[in-house]
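# Examining the three-dimensional arrangement
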Amino acid sequence: MTVKTMQTAEVKELLEKVAGFNKDGGDERMKKIVHRVMHDIFQIVEDFDVTPEEFWSAVYYVGELGANGEVALLAPGLGMDRYLDIRQDAEDEQAGLTGGTPRTIEGPLYVAGAPLSEGFDRMDDGSDTEAEVVLIKGQITDENGTPLADAIVDIWHADTKGAYSYFDQSQSEYNLRRRIKTDAEGRYAAQSIMPSGYGCPPEGSTQQLLNHLGRHGQRPAHIHYFVSKPGYKHLTTQINIAGDEYTFDDFAFATREELVVEAKRVEQTEDGARHGVTGPITEVEFNVALVATDKPELQERHARRRALEADVA
Ligand SMILES: [Fe+2]
């Protein structure tokens, strides 16, 4: 059956009523966007001859996705987070704000309010005695390489099973989450444990869709960062550890060439020694260059709903 109804007056009128065009009140932008969304869905149904069975299975899929709490997991898997970054990069270019360390996606697992330390802290609670001990370290500078003291480096990463504290209630509070203020030379350091990569829940809604696309739902081992300082553009980024099977095949499309970092095994750690950390240890070095801006709205992370952050509608 191939019928074409999209151009009929009946369907056009239906879409206009759906979007509230014939009603006063409501929000004009919302009306236009909903009109477009529904038009495009109708068009897909027509173009692909979507059957009622297919349509209703999609409706119930969306319901299950929400019930499983996986909407913010599917979004990066479908490239949405990456696409928003591509747009922000283009906006930066237009505004002459390019340069510095590249941004990449935040993901849905940030928790606000991690303990704040000066220069150094230990991020793990010591409960995983089998884990590979790492020293995460680096220097925050401006684009000319001038060190930035008092920048806040907000780091979060998964444990050796690929799970995050707060979302994994078996971990201690703020395990593997710290905010570190850079010292006079712009340096920060943190003792932690090597995170594992992780995958979408194998039986979950996200993986179910990925299976239909012939895709895996795996991420490489990575470490998330927010880096900020008044007078500079807020940076949301993450590093991917080199050598992971998925370093360049991340289901969430977060990997960027400049953000792949080698983990180096060292016998002695000069940076660690200053904080009482001895080798042998694995060092992960990530230096960040921030871009100056006088626009206050660019100096803070954009609003979105985040765990333990003041509620955002
Ligand atoms: Fe992550």
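For the structure itself, look to the data block above.
Here we summarise the structure given alongside this text. (Residues numbered from 1 in each chain as written. Predicted model: local features only at pLDDT ≥ 70, side-chain atom pairs only at ≥ 80, totals over all residues. Heavy atoms only, no water.)

## Section: the coordination of the iron ion
Four donors placed tetrahedrally around a metal ideally meet at 109.5 degrees, and six donors placed octahedrally ideally meet at 90 or 180 degrees. For the iron ion, the full set of protein donor atoms is Tyr164 (OH), Tyr198 (OH), His222 (NE2) and His224 (NE2), at a range of 2.0 to 2.3 Å. Each of the 4 donor atoms around the iron ion contributes to a set of angles spanning 93 to 162°, which defines the coordination as irregular. Sequence spacing among the residues donating to the iron ion works out to Y-x33-Y-x23-H-x1-H. Of this pair, Tyr198 sits in strand S7 (residues 198–199) while His222 sits in strand S9 (residues 222–228), placing them 24 residues apart in sequence. Each of the two residues, Tyr198 as well as His222, counts as buried. (Donors = N, O, S within 2.8 Å, 3.2 Å for Na, K, Ca; no water. Tetrahedral: all angles 85-135°; square planar, octahedral: opposite > 155°, others 65-115°. Helix = DSSP H or I, 4+ residues; strand = E, 2+ residues; numbered from the N terminus. Buried < 20%, exposed > 50% of the residue type's maximum accessible area, 1.4 Å probe, protein only.)

## Here's the deal with the pattern of salt bridges
Within this structure, the stated rule accounts for 17 salt bridges. For the salt bridge of Asp271 with Arg274, the shortest nitrogen-to-oxygen distance reads 2.9 Å. Each member of the salt-bridge network shares a partner with another, and the members are Asp89, Asp92, Arg103, Lys233 and Arg256. (Salt bridge = Lys/Arg side-chain N within 4 Å of Asp/Glu carboxyl O.)

## Quick word on the sheet that holds strand S5 (residues 177–181)
Read across the sheet, 6 strands follow the order S1-S5-S4-S9-S10-S11 without closing on themselves; strand pairing throughout is mixed. Only two strands of the sheet have a single partner each, and these edge strands are strand S1 (116–118) and strand S11 (260–261). In this structure, S9 lies alongside strand S10 (residues 235–241), joined through 6 bridges in antiparallel fashion. Its bridge partner being in S10, Val227 is matched across the sheet by Leu235. (Pairing = 2+ DSSP bridges.)

## Focus on the packing of aromatic side chains
Scanning the model with the defined rule gives 8 aromatic pairs in all. Their ring planes at 85° and their centres at 5.6 Å tell us that Tyr164 and Tyr198 sit as a pair that is edge-to-face. With Tyr164 in the loop between strand S4 (152–157) and S5 and Tyr198 in strand S7, the pair connects residues that are 34 residues apart, well separated along the chain. On the basis of relative accessible area, Tyr198 is assigned to the buried category, the value being 15%. (Phe/Tyr/Trp six-rings, centres within 6.5 Å; stacked < 30°, edge-to-face > 60°.)

## Considering helix H5 (residues 80–94)
Taking 1.5 Å per residue, 15 residues should reach 21 Å; H5 reaches 21 Å between its end C-alpha atoms and fits that length. If you check which residues of H5 are buried, you get Asp81, Asp85 and Asp92. Buried positions in H5, seen along its axis, are confined to an arc of 40° and lie on one side of it. Counted as exposed and oriented over 90 degrees from the buried face of H5: Glu93 and Gln94. (Expected span 1.5 Å × (residues − 1). Arc of directions from axis to C-beta.)

## Examining the nonpolar core
Counting residues in each nonpolar core, the largest one holds 26 residues, and the members touching the most others are Ile136, Ile140, Tyr188 and Tyr225. For this core, the secondary structure elements donating two or more residues are strand S3 (133–142), S4, strand S6 (187–193), S9, S10 and strand S14 (288–290). (Core = buried A, V, L, I, M, F, W, Y, C linked by side-chain atoms within 4.5 Å.)

## Describing the packing of helix H1 (residues 9–18) against helix H2 (residues 28–47)
Contact geometry of H1 with H2 gives a least axis separation of 9 Å together with a crossing angle of 140°. The element H1 and its partner H2 pack so that their crossing is right-handed. Only His35, Met38, His39 and Phe42 of H2 make contact with H1, whose side of the interface consists of Val11, Leu14, Leu15, Glu16 and Val18. For the contact of H1 with H2, a count of residues per class yields 6 nonpolar, 2 polar and 1 charged. (Axes fitted to C-alpha atoms, helices over the stretch in contact; angles between N-to-C directions. Left-handed = near helix turned anticlockwise from the far one by under 90°. Contact = heavy atoms within 4.5 Å. Nonpolar A, V, L, I, M, F, W, Y, C, P; charged D, E, K, R; others polar.)

The values reported here are purely geometric and, on their own, carry no functional implication.
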